[in-house]
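A look at the structure
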Amino acid sequence: MSVPFSGALRRSGGIVSAIGKQLKSVNLKGVKRITVQFDPFAENVKSTREFLFLLSTPKVAGTNPKCVVKPEIVCDRQPANIKFALIESAQEQAKVKEIRFNSDNLNTLELLQLCNKHVSSLAPREEITNKVLTKAEKQKLAGGAGGGKKATKKK
């Protein structure tokens, strides 16, 4: 009699693939301003700086081009924090004006997970727009006029 197998069939992709997976689902449409404040001489500031870099990547910045990402570098030994100022519709939904993360003891993956959980979920839903019809679909809707081969001219 053998012992039944339990567990994963393969190893996970690691921390880099987990960060990439979380980064794909970041949506900043509910945010109008992001302020990242940190002391560059503090011990636990690397993850906050990496998070700031990831927020400025073209794919994340493209989710809301009007969102302003502002780094505030201070030298007063304050703990690092990230502040998300929300748009009006997100403020009504969350019943808060801003969301703050104390990022001093969090790693980059945890910051992205918190961002997806609390900020990306507040993004307003997109309304479905009219579908763009191709030329062939327009002809089918018009009753098939002009469909088929063109007649050749006889001389």
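Higher on the page you've got the structure.
Residues numbered from 1 in each chain as written. Predicted model: local features only at pLDDT ≥ 70, side-chain atom pairs only at ≥ 80, totals over all residues. Heavy atoms only, no water.

Turning to the pairing of strand E1 (residues 31-38), a few remarks are in order. With 6 of 8 residues buried, E1 is to be regarded as a mostly interior element. Bridge count for E1 against strand E3 (residues 81-86) is 6 bridges, and the pairing is antiparallel. Paired with Gln37 across the strands is Asn81, a residue of E3. Where E1 lies against strand E2 (residues 68-73), 6 bridges are found, and the strand directions are parallel. Looking at E2, one finds that Ile34 is bridged to Val69. (Buried < 20%, exposed > 50% of the residue type's maximum accessible area, 1.4 Å probe, protein only. Helix = DSSP H or I, 4+ residues; strand = E, 2+ residues; numbered from the N terminus. Pairing = 2+ DSSP bridges.)

Each regular strand carries side chains that alternate between the two faces of the sheet. Burial along strand E4 (residues 98-102) is one-sided: Ile99 and Phe101 are buried, and none of Glu98, Arg100 and Asn102, which face the opposite way, are. Note: E3 against E4, 5 bridges, orientation antiparallel. Bridged to Lys83 within E4 is Arg100.

Let's shift gears to the packing of helix H2 (residues 46-55) against helix H5 (residues 108-118). Put simply, H2 and H5 touch, their axes get as near as 8 Å, and they point 50° apart. One finds that H2 runs oblique with respect to H5. Where H2 crosses over H5, the handedness of that crossing is right-handed. For the pair formed by H2 and H5, the contact residues are Ser47, Thr48, Glu50, Phe51 and Leu54 on the first element and Thr108, Leu111, Leu112 and Cys115 on the second. A per-class count over the contact of H2 with H5 returns 5 nonpolar, 3 polar and 1 charged. (Axes fitted to C-alpha atoms, helices over the stretch in contact; angles between N-to-C directions. Parallel < 35°, antiparallel > 145°, perpendicular 65-115°, else oblique. Left-handed = near helix turned anticlockwise from the far one by under 90°. Contact = heavy atoms within 4.5 Å. Nonpolar A, V, L, I, M, F, W, Y, C, P; charged D, E, K, R; others polar.)

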